[in-house]
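The residues making up each chain are set out below.
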Amino acid sequence: MSSATSINIAILAMGGEGGGVLADWLVRIGESHGYLAQTTSVPGVSQRTGATIYYLELFPMSTRRGDERMPVLGLMPMPGDVDLVVASELMEAGRAIQRGLVTPDRTHLVASTHRVYSMTERTAPADGRVDAQSILKACNTAARKLTGFDMARLAEANRSVISSALLGAVAGSRALPFPREAYEAAIRADGVGVNASLAAFAAAYLAAEQPAGAEAARERQDAPAGPTNLPLPAGLSGEARAVAMLGAQRAADYQDEAYARDYLARLAPFVALAQPMGEAGQQLLAEVARQLALGMTYEDTVRVAELKIRDTRFDRVRSEIGAAPDQVVEIAEFMHPRLEEIADTMPAAVGRWMLRNGFAKALVTRLASRGRIVRTSSLRGFLLLYGVASLKRFRRGALRHDREMRFLAGWLDIVRQAAAIDASLAIGFARLRNLVKGYGDTSERGHAKYQAICSFMSGELRNPSAPAMLKTLIAAAEKDEAGAALHTEMERLRREIATADQGTTALQAG
Amino acid sequence: MAERSFKKEVELLRLGAGQEFKGEGILAVTKALLQSGVNYVAGYQGAPISHLVDVLSDASDILDELGIRFEMSANEATAAATLAASVNYPLRGAVTFKGAVGTNVASDALANLSSSGVTGGALIILGEDYGEGSSIMQERSHAYAMKSQIWLLDPRPNLPSIVRAVETGFALSEASHTPVMLELRIRACHVYGSFTARDNVRPAFTMQDARSSPRRATDRIVLPPASYQHEREKVEQRWPAAVKFIQDNRLNEIFDGEADDIGIIVQGGLYNTVMRALKTVGLADAFGETRVPVYVLNVTYPLVDPEVLGFCDGKRAVLLVEEGQPEFIEHAINTILRRAGAPTRCEGKGMLPLAGEYTGAVVKAGLVKFLQAWRPDLLPASAAAANAAVETAMALVAPNVQGRPPSFCTGCPERPIFAAIKLTERELGRHHISCDIGCHLFSALPPFEIGNTVMGYGLGGAGAAALASAEGKRAIAILGDGGFWHNGLVSSVGNAVFNKSDAVQIIIDNGYSAATGGQDIMSSEADNRQRATRNTIERAVRGVGVGWVRTISRTYDLRRMRDALREALLTATKGPKVIVARSECMLNRQRRERPLMNQRIKAGLRTVQERFGVDPDTCTGDHSCIRLSGCPSLTIAPNPDPLRREPVTKVMQSCVGCGLCGEVAHAAVLCPSFYRATIVSNPSRWDRLRAAIRNRLISALQRRMARSSAAGARA
């Protein structure tokens, strides 16, 4: 029997990423170097953004036997029998591992480490992202060799698509026995977007040559907190101090310096409270500082208007859509102020009247029945939002402010009460405020969940498992929009508590 | 076909004798048809055989030269009935459609065709979309082959074998007066390979010949007593003739090996997978040289008894690798062995899973199990060893890998229809929703999760029939334009009229048979030289007697879409309510428009494009917008605000500016974070002047605001 064997390559990609193009390039390269190439896929799925696998086998015809018999090539990857896995994204690399295609004796894994989030991750009402670090660790464990970096960034920087960057990474990592020129010739032969493709190819080639291990694509760049001339409460340190500084700056930007002082004044009592609690106290302090800042800078119409018309925002839009300097860009906003938002902006008394008075209510509701498209880049639209933004000076007298401050006072009170019992319980209550966010219905649903959890917990504060309960309740509340998971979780906890109570009663009786 | 050109593929169809054909399996089949002197071809599109009809649609020159009639059939029943031309005349005909679903629709015609028997070769090319990513139920065409007694070819998945199967398929059909099915799995249809071409053949007996001197024979018509005679013919004449042909022409193959007390019997289509499994345990090489004998069934129905018995002779056990269930071949082989009193044991579904795709890993596991039971000495020690590193890695990824099913494309006009249904549900509560087959069925998946049942192509309305009475909440049925013309006009809409149904039927008209690759259908807007298009769905629906019809000509108008739906659900009008929701399939629209747009920009002409975006500083990371839209270009991104943890919503560069996210934000009163950017390339002088004036004034105001805000922050 002959010991000749093919080079087996699996490409895991999503529809529209050019996985098929990549496979075709590799076929062409193989064929031009004396290999018999076979490739196949299930393309119907890929067309519509689903995950799909392209599979290729390259057979060196130089190793053919004398008898004209052609090699039998496979149509799907066999675990343990794959030489090269190319993954267009980190979760797809994980999928290759899950399917057993990456084995330490054989497989070179070339993966872009950026994330394209799955629908499940996207639709979560809070943060549903999976743990990228674990996938990366698995890549390192399972592969014979790993070439991993953010290839999507390189593709985008060169105005190309990820397939060219993937090809560059394959070439640069010497995963296949072909010279660089062969890869470039394949790109050239396509005749479409050649220069951009070659640039992305070159960038990825260079990156893949670096021996450094893979790292996850950088997800976030925290802006360093700038200096503030406000006196921070004494006793703040570490993360809590950084967050408090950010919070004070946010409050000043949101309203004025007095508001920032107000923020710090509300935070101050917690510094003393946290002092004796050690590490947990610092965590509590940071969380309160964070949530208080977010709570005090609630998104009202004034804030939205102000953020929409800033010059920095105009610049950001241009760069986000990738507008060239010679292109004219117009920006239109989709806004839908309802009766509630309009009343909220009014002085508290007027606002309340508006919500009570039938005539005013009907009139405003009619006026606000449709969403409005405001062209911020036109003078008229800009002036409209400019006018709304300049209501800032009246904000402290507005109905919304009145309501928000009451809410925050109540929340701070609960956190304080909880802190007297247990630090982690207090951290939980500090985090609870985060359920209240967004606009309109979203905000109302958040308030409802917040209230439901507060009233559930009010009877259980002294329960030793209260911090754990609170944590699971918050997680459940963030699971779905309508609060079905929260409801189920509350039912479950109620049953648990009832059983525990019965147990205690039985013990006492015994 | 409207928006895609297959010119390159058409060129391959012109290759002559001795030239090398390099391309996909299904295209090789198309070429093989021309080499076989086919007179007519018909088909209904669907994965994985769409390419055959697509390429022929673009190949009218070649078809004309060879005198071939080509039809894009209304459905698979039409396609199968087209083969009637081969009953009386020596005309070779081929039809193609998806395996399981196609044979289901075509079964009436298939049964009658095989009863009558054929004079000219009749080939039915079936694309088996079985296993990974398939959107159809997992059934076997094999059952149809058996019940109608149509022979079933399942060739090895390489181009020369596939081409040979087409050519011998016609001959087998003619020799046995029986239609023949050629079954091709999805990967075989899409496999890229090569074969040596032959010249195309212009048939000697033409369609013209048939029409000018029609022949008939009463005994070929399915009517007693002829139909009783057909049944006897099938077993007494046609079956033996087929078996003889298969044997004489060696359609099945045996690869000998030294371990001859065991063997493997495999469907031709799975041969490569079996050989790879043998190779990984060191029992075969890359060229198919094997230590274990292998009997390849390139014809899986009928089986050739002497061949089976000959292969099994002297073997203690054979492993039968047969994908899908029920295990028809296993039953048949056991019957052959037992009737002959042969002692060989046939191991099949006892070693391999009863259901599911036979992937490499599955086949290898079954093979190892078989060898452990019958010849453990052949197995290397490493064959079953688990790898600790792989298992650690698998455990690490398990909780972090999520399914990524296909979904609506970026900018898909069907998405707003389902967003409208969701919004209506918020107001009027949930309704029973009967779905149909097509892209629109992605509504069943997150984020929409809409729909209760699917009963078949064009059967959305029919699936709601029992629930269509006038009391209480109305049921909703969904149909696509593809399904509507396939069968829905009669089975769903006509039926609803006749039975005074009260249900609401939404017919989604995207201008193409989109899910199968964007083919034109009766209501397509495109100009098509070969087909009659622009027959509107509204006219058809009114023609069968629907009184309440609303056509929404821009589905992205979410308010109108929602209002029409609300009206349909609440109106006092009796009888079926039909909403025709029309907007062009975005995939095909982009195929047409994007190159034109790029040309315009390159040529320096003023061009306006739209894109959407989200302001990260006003987005609070709740993602309601994603739950109501599900657009692939709408994603999440790390929050740039260090105070917030939730990822923000972000619009990717792939946005085509359909406008749905803005509409959703408005209609659902979500949040003010969405913006629409209008980008003017090569702006006119007026554009530039206006922008300059605006920018100056706006900049002045922005500076003023920054000053007063800074003053406030300092105050």
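Just so you know, these numbers come straight off a predicted model, no measurement behind them.

Thresholds applied
- Residues numbered from 1 in each chain as written.
- Chains lettered and ligands numbered in written order.
- Predicted model: local features only at pLDDT ≥ 70, side-chain atom pairs only at ≥ 80, totals over all residues.
- Helix = DSSP H or I, 4+ residues; strand = E, 2+ residues; numbered from the N terminus.
- Rg over C-alpha atoms; globule rule 2.2 N^0.38 Å.
- Buried ≥ 20, exposed ≤ 12 C-beta atoms within 10 Å, placed from the backbone.
- Pairing = 2+ DSSP bridges.
- Domains from an automatic or database assignment.
- Contact = placed C-beta atoms within 7 Å.
- Nonpolar A, V, L, I, M, F, W, Y, C, P; charged D, E, K, R; others polar.
- Core = buried A, V, L, I, M, F, W, Y, C linked by C-beta atoms within 7 Å.
- Axes fitted to C-alpha atoms, helices over the stretch in contact; angles between N-to-C directions.

(A) Highlighting the overall build of chain A. Assigned secondary structure in chain A consists of 23 helices and 8 strands. What you see for chain A is a C-alpha radius of gyration of 30 Å, clearly larger than the 24 Å of a compact globule of 510 residues, by over 25%. On the principal axes, the C-alpha backbone points of chain A span a range of 95 × 80 × 45 Å. Within the span of chain A, comprising 510 residues, buried residues form 51% of the whole.

(B) A look at the pairing of strand β13 (residues 317–321) of chain B. Residues and elements named next belong to chain B. Counting buried positions along β13 gives 4 out of 5 residues, so the element sits mostly inside the fold. In the sheet, strand β10 (residues 262–267) pairs with β13 via 5 bridges, with the strands oriented parallel. For Ile 262, the partnering residue across the bridge sits in β13 and is Ala 317. Pairing geometry for β13 and strand β14 (residues 345–347), over 3 bridges, is parallel. Following the sheet pairing, Val 318 is matched in β14 by Cys 346.

(C) Representation of helix α13 (residues 301–309) of chain A in the model. Of all 9 residues that make up α13(A), 9 are buried, and the element is covered over most of its length. For α13(A), the set of buried residues is Thr301(A), Val302(A), Arg303(A), Val304(A), Ala305(A), Glu306(A), Leu307(A), Lys308(A) and Ile309(A).

(D) Local environment of the domain arrangement of chain B. Residues and elements named next belong to chain B. Considered domain by domain, chain B is made up of domain 1 (16–248), domain 2 (253–400), domain 3 (415–588) and domain 4 (607–699). Inter-centroid distance (C-alpha atoms) of domain 1 to domain 3 is 34 Å. Contact with domain 1, which involves 10 residues of that partner, is made by 10 residues of domain 3. Residue composition of the side of domain 1 that touches domain 3, by class: 4 nonpolar, 5 polar and 1 charged.

(E) Representation of the nonpolar core in the model. Formed by 300 residues in total, the largest nonpolar core has its most connected members in Val85(A), Cys139(A), Ala204(A), Trp151(B), Val274(B) and Val664(B). Membership of the second largest hydrophobic core comes to 52 residues, among which are Leu267(A), Ala418(A), Ile474(A) and Ala477(A).

(F) Up close: the sheet that holds strand β7 (residues 328–335) of chain A. Judged by pairing direction, the sheet is antiparallel, and its 4 strands sit side by side in the order β8(A)-β7(A)-β24(B)-β21(B) without closing on themselves. Edge positions in the sheet fall to β8 (372–375) of chain A together with β21 (607–614) of chain B, since each of these pairs with one other strand and no more. For this sheet, the mean angle separating the axes of adjacent strands, direction not counted, is 25°. Note: β7(A) against β8(A), 4 bridges, orientation antiparallel. Across the sheet, Ala332(A) pairs through a bridge with Arg375(A), a residue of β8(A). Its contacts with the sheet place helix α14 (residues 311–320) of chain A against β7 of chain A together with β21 and β24 (674–681) of chain B, and it is angled at close to 110° to β7(A).

(G) Here's a closer look at the sheet that holds β14(B). All names here are of chain B. Within the open sheet, the 5 strands sit side by side as β9-β11-β10-β13-β14. Their pairing is mixed. Looking at strand neighbours, the two that pair on one side only are β9 (253–255) and β14, the edges of this open sheet. Between one strand and the next, the sheet's axes are offset by a mean angle of 20°, whatever the strand orientation. The pairing of β9 with strand β11 (residues 294–297) spans 3 bridges and is classified as antiparallel. Looking across to β11, one finds that Ile 254 is bridged to Tyr 295. Its contacts with the sheet put helix α13 (residues 271–280) on β10, β11 and β13, and the angle it makes with β10 is roughly 145°. Packed on one face of the sheet, helix α15 (residues 328–339) meets β10, β13 and β14 and runs near 175° to β14.

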